Amino acid sequence: MAESYDFLGDINTKKLWWSFKVYIIRIWELPSKFNEKEVQSIEMILQDSKGNRMIASIPKALVQKWSGLIIQFQMYAMNNFIVVKNTRIAQTIPSQWILTFSHRTTVNQIQEPSFPLEAFRFRTIVELLNADKILQSDLFDVIAEVVGKEDPRDLVTTKGKETKRMVIVLEDLEHNKIDCILFGKMVDQILPHLEDGTVEPVIVLLQFFKAIRWNGKTSLHSHFEVSKIHINSQLKEIETFKNRLLSDAPATTSVRISQISSQSKWSTVDELTQGPTWITGTIVAINAGKKDWYYKSCRNCPKKVDTPIGNRYECDKCGHTHGSAALRFKVEVMVYDGTGSISLLLWDREMVQLCGKRAEQIRDTEAEGDDEYPPTLNNIMDRKLLLKINVKSANIKQFDQIYTVMKICDDEEIIEKNTQSVLSAEPSTNTEGGCSNSVHVSADFNLKNDCDPEYNLDAMEESISSLKCKTPLKRTSNILKCGSQFVNETDEDGQLSTNKFSRK
Ligand SMILES: [Zn+2]
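Caption draft 1: The arrangement of the overall build of the protein in detail. Broken down by element type, the protein carries 11 helices and 23 strands. Here the protein, with 504 residues, has 50% of them falling under the buried criterion. For the protein, the share of sequence-separated contacts (at least 6 apart) that also reach a separation of at least 24 residues comes to 68%. Carbon and sulfur atoms form 50% of the exposed surface of the protein, whose accessible area is close to 24900 Å².

Below, the structure is given as structure tokens:
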């Protein structure tokens, strides 16, 4: 019986009885945001004979039915899907639609594939190192030999979760090198292959990794669950690489993997000193559930109001009373800077700036999920920002690991310049270009602090603008760490102005 199949490039929302013949390029379980032992969905990347790719997703209700049955790199005939528009903020591959499994979906493995598997879209190390611009949303594959390793380090996140981090050095056949940073399970996966005295080459194929450029240095990072590392496996690409490697330089008895000393600087995150500090980073997690992304406040000022007295809320800061409380954002997020992550508390003004909506608008228009924060909050995910945080003595002495964000800047150009300068900086060095100590308040900034009595125009904003001068930005560390002691007793009282610290 001649069967006809659809192509992934022809998908639309108008029909349900789709029929595809596809390879599974990648399949992974997505853990629940709230309980990582629970699987939220099974995600897949499909590829058809034309090389087109699409995401397919098995929703929670069907996870048990399909768990373990669909295997990576195998070909399947798959029928009947519900097509939904892909509105996810965090993208794995550019995919306009998501093929969602329903109870009618059927999947049959094809034993004799009718077209060859071309599973990887490789990027060379040279391409990555020489790229003008690195897009963190861009995921690709890399094949290389492991030629160096750092000792793994233990990390404990602020949520008390233990994980590991390890740097390995990769080399291609032309001896170009790049660092690759592995986390968590991938560290456990590679360690047995890197034991001292290993003389066999260790070939890795990194699937769906991303490049990050910090301090002018490009390295490879995994990207949540979609990333996978294949080590010395039977994949034809690994076999080919190994054969070429050994024909260029026959196997010797010398050790192939050298130990490197820990070279990583914990950049901004590790070196925080008391007072206000600017850091750069990307929002990578929202630590909030259904009810802990906002607080009830006075309608006249940002002070928290708890329980109504009678049927009115009375503010013990300004004395204002009202029949209902206002809603303001208070959201804990995690920010990652290429080497480490910290927890930050974003208050109302910054959340409105990032999210584009007020807390009350969100509560009024979005239905509450089971145990989830409103989807609009995802607008802030993956945003690279310059954040002014207030490091309090409690952060240092009592190891309170949550820092309060006082201002944000999302201007790409300024972030880029600031990133380069901060991360390349060493303590107590002065600038050659005369950049660091000169202060130019740029007209590009909207710094109307008049309405904001608690925020004196301190050195911080000026420092940022001084980075816009044209001299080479090499040694400008101190300016970002200096600044007057900040008198901000904050918390609910800290949000008085509505000025936006971002360029128009
Ligand atoms: Zn008040």
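Structure's up, so let's keep going.
Caption draft 2: Representation of the packing of aromatic side chains in the model. Under the counting rule described, the total for this entry stands at 10 aromatic pairs. Taking the centre distance of 5.3 Å and the plane angle of 80° together, the rings of Phe81 and Phe101 count as edge-to-face. Of this pair, Phe81 sits in the loop between strand E4 (75–79) and strand E5 (82–85) while Phe101 sits in the loop between strand E6 (97–100) and strand E7 (106–109), placing them 20 residues apart in sequence. Considered together, Phe81 and Phe101 belong to a single accessibility category, that of buried residues. Centroid distance Trp293 to Tyr294: 4.7 Å. Interplanar angle 80°. Geometry classified as edge-to-face. Assigned by exposure class, Trp293 and Tyr294 land together as buried.

Caption draft 3: Spatial organisation of the pairing of strand E21 (residues 341–347). Within E21, six of the seven residues are buried, which leaves it mostly tucked inside the rest of the structure. By the bridge criterion, three bridges tie E21 to strand E23 (residues 402–409) in an arrangement that is parallel. Bridge pairing links Ser343 to Ile402 in E23.

Caption draft 4: How the structure looks around the sheet that holds E4. Sheet architecture is open: seven strands sit in the order E5-E6-E3-E2-E1-E4-E7, paired in mixed fashion. The open sheet has two free edges, formed respectively by E5 and E7, since each of these has just one partner strand. Between one strand axis and the next, the sheet turns through 40° on average, direction left out of account. Of the strand pairs in this sheet, E5 and E6 are connected by four bridges, and their pairing is antiparallel.

Caption draft 5: Summary view of the nonpolar core. Counting residues in hydrophobic clusters, the biggest one holds 30 residues, and the most contacted among them are Trp293 and Leu344. Of all elements in the fold, only strand E16 (275–286), strand E20 (326–336), E21, helix H6 (348–355), helix H7 (359–365), strand E22 (384–391) and E23 reach the threshold of two or more residues within this core. When residues of this core are assigned to their parent elements, the largest contribution, five residues, is made by E20. Those residues within four positions of Trp293 in sequence are excluded, and the remaining contacts are Ala288, Arg328, Phe329, Lys330, Val331, Ala359, Ile362, Arg363, Tyr373, Pro374 and Leu377.

Caption draft 6: Summary view of the confidence of the model for the protein. Averaged over all residues, the pLDDT of the protein is 76; the fraction at 70 or higher stands at 73%. Across the protein, element-level confidence peaks in E4 with a mean pLDDT of 97 and bottoms out in helix H11 (residues 477–481) with 31. This stretch, residues 421–504, has a pLDDT under 50; its non-local contacts, to residues over four places away or in other chains, come to 169 contacts.

Caption draft 7: Spatial organisation of the coordination of the zinc ion. Every protein donor of the zinc ion is accounted for by Cys298 (SG), Cys301 (SG), Cys315 (SG) and Cys318 (SG), and the metal-donor separations fall at 2.3 to 2.4 Å. Note that the zinc ion binds four donor atoms; their angles at the metal cover 103 to 120°, and the shape is tetrahedral. Spacing between the donor residues of the zinc ion along their common chain follows C-x2-C-x13-C-x2-C. One end of the pair, Cys298, is in the loop between strand E17 (294–297) and strand E18 (313–314); the other, Cys318, is in the loop between E18 and strand E19 (321–322), and 20 residues separate them in sequence.

Caption draft 8: Region of interest: the environment of Gly310. The residue Gly310 is located in the loop between E17 and E18 in this model. Between the C-alpha atoms of Gly310 and Gly323, which are 13 residues apart in sequence, the distance is 9.4 Å.

Caption draft 9: Summary view of the pattern of salt bridges. Taken as a whole and judged by the stated rule, the model has 11 salt bridges. In this structure, Asp188 engages Lys164 in a salt bridge whose closest nitrogen and oxygen atoms are separated by 2.6 Å. Here Lys164 lies in strand E10 (residues 162–171) and Asp188 lies in helix H3 (residues 185–190), a separation of 24 residues in the sequence. Look at Asp188 and you get partly exposed, because its relative accessible area is 39%. The partner of Lys177 in a salt bridge is Glu171, and the shortest N-O contact between them spans 2.9 Å.

Caption draft 10: Local environment of the environment of Leu245. Within the secondary structure layout, Leu245 lies in helix H4 (residues 236–248). You can call Leu245 buried: its relative accessible area is 10%. As a C-alpha pair, Leu245 and Ala144 span 101 residues in sequence and 9.8 Å in three-dimensional space. Discounting residues that sit within four places of it in the chain, Leu245 has contacts with Glu145, Leu173, Pro201, Ile203 and Arg256.

Caption draft 11: Highlighting unusual backbone geometry. Residues other than glycine seldom take positive phi values, yet Phe208 does so here, at roughly 55°. The topology assignment puts Phe208 in strand E12 (residues 203–214). For Asn232, which is not glycine, the phi torsion reads 45° and is therefore positive. Assignment of secondary structure puts Asn232 in the loop between strand E14 (228–231) and H4. Accessibility expressed as a relative area gives 28% for Asn232, which makes it partly exposed.

Caption draft 12: Representation of the side chain of Thr92. Along the polypeptide, Thr92 turns up in the loop between E5 and E6. Aside from chain neighbours lying at most four places away, what touches Thr92 is Trp28, Ile45, Ile55, Leu139 and Val226.

Caption draft 13: H4, seen in detail. The terminal C-alpha atoms of H4, which comprises 13 residues, lie 18 Å apart, in line with the 18 Å expected from a rise of 1.5 Å per residue. When we look at burial in H4, the residues that qualify are Glu237, Ile238, Phe241 and Leu245. Axial view of H4: buried residues confined to an arc of 95°, hence all on one face. Opposite the packed face of H4, turned more than 90 degrees from it, sit the exposed residues Asn243 and Ser247.

Caption draft 14: Local environment of H6. Counting buried positions along H6 gives seven out of eight residues, so the element sits mostly inside the fold. For H6, every residue scored as buried is listed here: Asp348, Arg349, Glu350, Met351, Gln353, Leu354 and Cys355. Phi turns positive, to about 85°, at Gly356, one or two residues after H6.

Criteria and cut-off values
Residues numbered from 1 in each chain as written. Predicted model: local features only at pLDDT ≥ 70, side-chain atom pairs only at ≥ 80, totals over all residues. Heavy atoms only, no water. Helix = DSSP H or I, 4+ residues; strand = E, 2+ residues; numbered from the N terminus. Buried < 20%, exposed > 50% of the residue type's maximum accessible area, 1.4 Å probe, protein only. Contact = heavy atoms within 4.5 Å. Areas by Shrake-Rupley, 256 points an atom, 1.4 Å probe, with all protein chains shown as cover. Phe/Tyr/Trp six-rings, centres within 6.5 Å; stacked < 30°, edge-to-face > 60°. Pairing = 2+ DSSP bridges. Axes fitted to C-alpha atoms, helices over the stretch in contact; angles between N-to-C directions. Core = buried A, V, L, I, M, F, W, Y, C linked by side-chain atoms within 4.5 Å. pLDDT = per-residue confidence, 0-100. Donors = N, O, S within 2.8 Å, 3.2 Å for Na, K, Ca; no water. Tetrahedral: all angles 85-135°; square planar, octahedral: opposite > 155°, others 65-115°. Salt bridge = Lys/Arg side-chain N within 4 Å of Asp/Glu carboxyl O. Expected span 1.5 Å × (residues − 1). Arc of directions from axis to C-beta.

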